[in-house]
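Chain by chain, the residues:
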Amino acid sequence: MITLAIFKPHCLKNPIAYETIQQLLSANGLKVIARKRINLSRAEAEQFYEEHKNKFFYRRLVSLMTSGPSEVVLLSGDNAIQQWRNLMGPTKVLKSVYTHPECIRSTFGLSDTRNATHGSDSEQSVTAERKFFFGESNM
């Protein structure tokens, strides 16, 4: 199974966070099969996060995702979608601190928007997000 993960700009700026996440992937049997550093334009970020357009955090999220480079990776492994989501922990950082203190977002997230990482939530999302970032030709 494959999933898509994004390491958000503030996470890439923290070499300890980035290296720790790489180690977690390996330790949990997730293999990086494609990796791409990107600088999202405002239009690309707005398109990618279109489903959140009417939510209060949309502008903050677009602003964050255009603030510097992100890294998009495709991960392969048994039950990759759920496994990556478990490693990330809850979207809300404050909740993750109390309920999942060892997760990525608890350790490296700064706020609900700047929560370090993104992960596809379903096979349909993986397909759409993979096409968005890697095009039709990748795998």
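So, how was this worked out
- Residues numbered from 1 in each chain as written.
- Predicted model: local features only at pLDDT ≥ 70, side-chain atom pairs only at ≥ 80, totals over all residues.
- Heavy atoms only, no water.
- UniProt positions renumbered as here; feature names shortened; annotations may be inferred.
- 1 Å grid on protein atoms, 1.4 Å probe; cavity = no way out; pocket = protein on both sides within 12 Å on 5 of 7 lines; lining within 4 Å.
- Points joined across faces, edges and corners; volume = space filled by probe spheres on them.
- Helix = DSSP H or I, 4+ residues; strand = E, 2+ residues; numbered from the N terminus.
- Contact = heavy atoms within 4.5 Å.
- Buried < 20%, exposed > 50% of the residue type's maximum accessible area, 1.4 Å probe, protein only.
- Arc of directions from axis to C-beta.
- Pairing = 2+ DSSP bridges.
- Axes fitted to C-alpha atoms, helices over the stretch in contact; angles between N-to-C directions.

In the nomenclature of an unreviewed UniProt entry, the chain is known as Nucleoside diphosphate kinase of Anopheles dirus. Among the UniProt annotations of the chain, the heading Catalytic activity (unreviewed entry) holds the following wording: "a 2'-deoxyribonucleoside 5'-diphosphate + ATP = a 2'-deoxyribonucleoside 5'-triphosphate + ADP". Turning to the chain, the UniProt annotation filed under Sequence similarities (unreviewed entry) states: "Belongs to the NDK family."

A. Spotlight on the layout of surface pockets. When its volume is computed, the largest pocket comes out at roughly 580 Å³. If you trace the largest pocket, you find 25 residues lining it, with Tyr49, His52, Leu61, Thr91 and His118 closest to the centre. Where the lining of the largest pocket is concerned, the elements lending two or more residues are α4 (58-65), β4 (117-119) and α8 (123-134). The biggest single contributor to the lining of the largest pocket is α8, with four residues.

B. Structural context of the UniProt feature "active site" (unreviewed entry) in the chain. In this numbering, the UniProt entry assigns the feature "active site" (unreviewed entry) to His118. Within the fold, His118 resides in strand β4. Setting aside chain neighbours within four positions, we find His118 in contact with Leu4, Ala5, Ile6, Lys8, Phe48, Tyr49, Trp84, Met88, Arg105 and Glu129.

C. Structural context of the environment of Ile16. Assignment of secondary structure puts Ile16 in helix α2 (residues 15-27). Judged by relative accessible area, which is 61%, Ile16 ranks as exposed. When the C-alpha positions of Ile16 and Thr107 are compared, they lie 11 Å apart, and in sequence the two are 91 residues distant.

D. Spotlight on helix α5 (residues 80-88). Listed as buried for α5 are Ala80, Ile81, Trp84, Leu87 and Met88. Across the axial projection of α5, the buried residues extend over an arc of 135°, all falling on one side. The inward-facing, buried residues of α5 abut β1 (2-7), α2, β3 (70-76), α7 (104-108), β4 and α8. Where α5 terminates, the next one or two residues include Gly89, which has phi positive at roughly 85°.

E. Just the sheet that holds strand β2 (residues 31-38), in detail. Read from one edge of the open sheet, four strands run β2-β3-β1-β4, paired in antiparallel fashion. The strands lining the two open edges of the sheet, one partner per strand, are β2 and β4. In this sheet, adjacent strand axes meet at a mean angle of 20° when their direction is disregarded. Two elements, β1 and β4, share three bridges in a ladder whose sense is antiparallel. Within the sheet, the bridge partner assigned to Phe7 lies in β4 and is Thr117.

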